[in-house]
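Now for the letters of each chain:
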Amino acid sequence: MTAPVITLTTDFGDASPYVAVMKGVILSINPSSRVLDLTHHIRPQNVRHAEYFLATALPHFPPGTIHLCVVDPGVGSDRRALVADAGGQRLVAPDNGVLTGTLAKFAPATVWHLTERQYWREPLSDTFHGRDIFAPVAAHLSCGVEPMELGPAIADWVELPSRSAVRFGNRWRGEVRFIDDFGNLITNIPADRIDVLPQRVGLGGGVPRPTRWVRTYAEAAPGEVVALFSSDGFFEIALVNGNAARDLGALVETEVVIEGN
Amino acid sequence: MTAPVITLTTDFGDASPYVAVMKGVILSINPSSRVLDLTHHIRPQNVRHAEYFLATALPHFPPGTIHLCVVDPGVGSDRRALVADAGGQRLVAPDNGVLTGTLAKFAPATVWHLTERQYWREPLSDTFHGRDIFAPVAAHLSCGVEPMELGPAIADWVELPSRSAVRFGNRWRGEVRFIDDFGNLITNIPADRIDVLPQRVGLGGGVPRPTRWVRTYAEAAPGEVVALFSSDGFFEIALVNGNAARDLGALVETEVVIEGN
Amino acid sequence: MTAPVITLTTDFGDASPYVAVMKGVILSINPSSRVLDLTHHIRPQNVRHAEYFLATALPHFPPGTIHLCVVDPGVGSDRRALVADAGGQRLVAPDNGVLTGTLAKFAPATVWHLTERQYWREPLSDTFHGRDIFAPVAAHLSCGVEPMELGPAIADWVELPSRSAVRFGNRWRGEVRFIDDFGNLITNIPADRIDVLPQRVGLGGGVPRPTRWVRTYAEAAPGEVVALFSSDGFFEIALVNGNAARDLGALVETEVVIEGN
């Protein structure tokens, strides 16, 4: 029997001891747990980045995985702490919308409000619930504690408002949802609903310009801006062998318009 | 029986193969050891940063954990290599003061000078003892070798000089000890000895300015500079939803003065 | 029996979900596999950086380790996907030369072309073979699938052209092959073939200047530029307690000339 995997997703960065502290807390409660970093480079306090990251990554994990997400600008306020069951995976996170997309993909999910303090670390601080609530709870889950032992089920968890792309005939208007480490712009325009291949792309309110559609980066020349479908099924804009975000001045939430014929 | 965890803390960064080399060396000696990254982003050759990081993180780990720390500007000189027993945890590091705070928290700790070359990698290089001494020793510890087999016990290990905050009535003068990845300024002024809540804060010799005291970041408005207690029990200065270090121009060792009434 | 270790080496960075996705795919196929990060900071699409990284690190790992390398600018084109046996280690990577140095060190190695789609993820994307081919194949290898089941053996894998240093009497001309996170310049001039200690060093075509030879960084004063042998056996230029690459304006491929007497 293999010990459960506990994944970690935070905005703690890598020069601070906070991640190491949480690993110590987890191993102190369950010395055989297997701790796996997903990222500690969610942009600081950027719940929407974390939400996108988790919704993209977590569906690939097997049931039984425990995911700990600490991106928590409201720490110490009255925001709740949560555990969720999503298709047999366990998610532990603050109730700030960070689980929105993940829970939607696994709907119906069950969510509990963490209230049972015997599973927390004492004394409880006001500024580091990753150490005092989330890591201990994840470790107890890995020991076999059931979510329902951790607090009451709730139905009113926080959800981030949806930001859907809209369609007008052969034209879509959406926005940049994520910029990856290569500078590729991943939009919120769903690939499977584009039935006319885009021929022009406009960014940030600018006039749409002719943009070649490619199946893969390797079809274009270095330095060419191309349109393609992202590996996760969304419309994407890339600068081959370069950084589209930097060169085109695009940010997360920059408007994207695409036009067919 | 779970295999021991070996944690890694270095200043090697993430584009160089040095960390990977150490992981390979460890797994070659003990294929079942569980390797866990704490950080590889200690600022280059910054022993004080590593010292703070370890003293904050290591007390949270369970007995039996093996910690490997390689921040080693004196590699190849006559600085000694050490193994320590700190409350049942094993620490492997150069003798340059990097363990000062950790050993103090676990006092009395026992420390040995690594001299037994049969536990090292041959040939010994002059520039990479992480690969040639520290990683092999950590791996042998995980196989059950006892510290006393690795060399003689010593009592004169290097300690970093203490930099304590000082108090004058309702006034404290200390310094920034650590800047975390959010830009929060963690000082060396101990929270449990502040009995009058600070009302004014001065940085770098400037006139102390009124600064609101809060229990948690969420009590203040975005953009407000606040004073609070860090999760680790020290006086802290934060810029809510921002980066205090950048905006206030503070560095590690910048003087901090706080005044009550 | 310990589960196999699967190492990951990519250029995916740490804000994108791509690494997490691959970890999920691996754990879904083999829940007991042990996933170990080597780096996700290969410079974007820089096959030569990855090639150097792997050739330096992989010889230190034990037989049975599975290495997954995804630095793949040609994804979706007709470049092949490979698995190799190198001294009992398994390497899974695109056929773009990234394994050149590693396979040379373990010669003779055996290489297979990945063609058996039943070991891949469906549907196959055009832009993320890390998720769809390389991670599933690595996970299946960790379950005991043999390389020969994954496709036919080949002998014509892609190799990066060699860039060897050349010697003229007491003079060597080579280039910077790698700049580590400290800014040290690691060249392609082999230490074991330098029989006259260098006294002058020239960079980028400049006149060679007197440069002191040291055995280890600690022999020189902070701020001094020194010449020494790298931990991996090459001629190296370092700025003690500083960053040689930044201060000397050196880049990867910058010419290096060293002169003895």
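Residues numbered from 1 in each chain as written. Chains lettered and ligands numbered in written order. Predicted model: local features only at pLDDT ≥ 70, side-chain atom pairs only at ≥ 80, totals over all residues. Heavy atoms only, no water.

A. Seen up close, the packing of helix α1 (residues 18–29) of chain C against helix α4 (residues 129–142) of chain C. All names here are of chain C. In contact at an axis separation of 9 Å, α1 and α4 are set at 40° when each is read in the N-to-C sense. Between α1 and α4, the angle falls in the class oblique. At the point where α1 passes α4, the crossing takes the right-handed sense. Where α1 abuts α4, its residues V21, M22, V25, I26 and I29 lie against G130, R131, A135, P136, A139 and H140. (Axes fitted to C-alpha atoms, helices over the stretch in contact; angles between N-to-C directions. Helix = DSSP H or I, 4+ residues; strand = E, 2+ residues; numbered from the N terminus. Parallel < 35°, antiparallel > 145°, perpendicular 65-115°, else oblique. Left-handed = near helix turned anticlockwise from the far one by under 90°. Contact = heavy atoms within 4.5 Å.)

B. Expanded view of α4(C). Residues and elements named next belong to chain C. Across its 14 residues, α4 extends 18 Å between first and last C-alpha, which sits within 8% of the 20 Å expected from 1.5 Å per residue. Along α4, the sharpest change in direction is near 30° and occurs at A135; proline P136 comes one to four residues later. Most of α4 sits out of view: 14 of its 14 residues are buried. Backbone geometry just downstream of α4 places G144 in the positive-phi region, at approximately 110°. (Expected span 1.5 Å × (residues − 1). Bend = angle between axes of the 7 residues up to and from the residue. Buried < 20%, exposed > 50% of the residue type's maximum accessible area, 1.4 Å probe, protein only.)

C. Representation of the sheet that holds strand β1 (residues 5–10) of chain C in the model. What the seven strands build is an open sheet, ordered β2-β1-β3-β5-β4-β6-β7 (chain C); its pairing is mixed. Two strands bound the open sheet, and with one partner strand each, they are β2 (34–39) and β7 (153–154) of chain C. (Pairing = 2+ DSSP bridges.)

D. Just the environment of C:D11, in detail. Inspection of the secondary structure assignment puts C:D11 in the loop between β1 and α1. What makes C:D11 buried here is its relative accessible area of 4%. The spacing of C:D11 and C:P44 is 33 residues in sequence and 5.3 Å in space, taken between C-alpha atoms. Those residues in contact with C:D11 that lie beyond four places of it in its chain are A:F182, C:H40, C:I42, C:R43, C:P44, C:Q45, C:V70 and C:V71. Only 2.6 Å separates the side chain of C:D11 from the backbone nitrogen of C:Q45, close enough to count as a polar contact. (Polar contact = N/O pair within 3.5 Å; in protein donor to acceptor, adjacent residues only side chain to side chain.)

E. Broad picture of the relation of the copies chain A and chain C. Once chain A is rotated about the relating axis by 120° and shifted along it by 0.0 Å, it coincides with chain C to within an RMSD of 0.0 Å. In short, the pair behaves as if placed about a three-fold rotation axis. (Least-squares fit on C-alpha atoms with pLDDT ≥ 70 in both.)

F. The pairing of strand β4 (residues 81–86) of chain B, seen in detail. Residue and element names in this part refer to chain B. Counted residue by residue, β4 has six buried out of six residues, so it is predominantly covered. A two-sided burial pattern is seen for β4, the buried positions comprising A81, V83 and D85 on one face and L82, A84 and A86 on the other. Across six bridges, the pairing between β4 and strand β5 (residues 89–94) is antiparallel. Paired with A84 across the strands is L91, a residue of β5. Where β4 folds back onto β5 in an antiparallel hairpin, the turn is made up of two residues, including G87, whose phi is positive at roughly 60°. Looking at chain direction, β4 and strand β6 (residues 110–113) are connected through four bridges and run antiparallel. Opposite D85, over in β6, you have T110 as the bridge partner.

G. Layout of the interface of chain A and chain C. Counting residues at the interface gives 32 residues for chain A, matched by 31 residues for chain C. Across the chain A to chain C interface the summed buried area is about 2600 Å²; carbon plus sulfur atoms make up 57%. Three residues, A:H60, A:F182 and A:S231, lead the burial of chain A against chain C; their summed loss comes to 25% of the area buried on that side. At the boundary of chain A and chain C, one finds one salt bridge. Close ionic contact of C:D126 with A:R215 constitutes a salt bridge, the shortest N to O distance being 2.5 Å. For the interface between chain A and chain C, the tally reads 17 residue pairs in polar contact (both at pLDDT 80 or more). Elements supplying a minimum of two residues to the side of chain A that touches chain C: β2 (34–39), α2 (47–57) and β14 (225–229) of chain A. (Buried area = accessible area lost by both parts, 1.4 Å probe. Salt bridge = Lys/Arg side-chain N within 4 Å of Asp/Glu carboxyl O.)

H. How the structure looks around the interface of chain B and chain A. On the side of chain A, 31 residues touch chain B, which itself brings 32 residues to the contact. The junction of chain B with chain A conceals about 2600 Å² of combined surface from both sides, 57% of it contributed by carbon and sulfur atoms. Taken together, the links from chain B to chain A amount to one salt bridge. At the junction of chain B and chain A, the tally comes to 17 residue pairs in polar contact (both at pLDDT 80 or more). For the side of chain B that touches chain A, the residue count by class is 15 nonpolar, 10 polar and seven charged. (Nonpolar A, V, L, I, M, F, W, Y, C, P; charged D, E, K, R; others polar.)

Function cannot be read off these values alone, since they describe shape.
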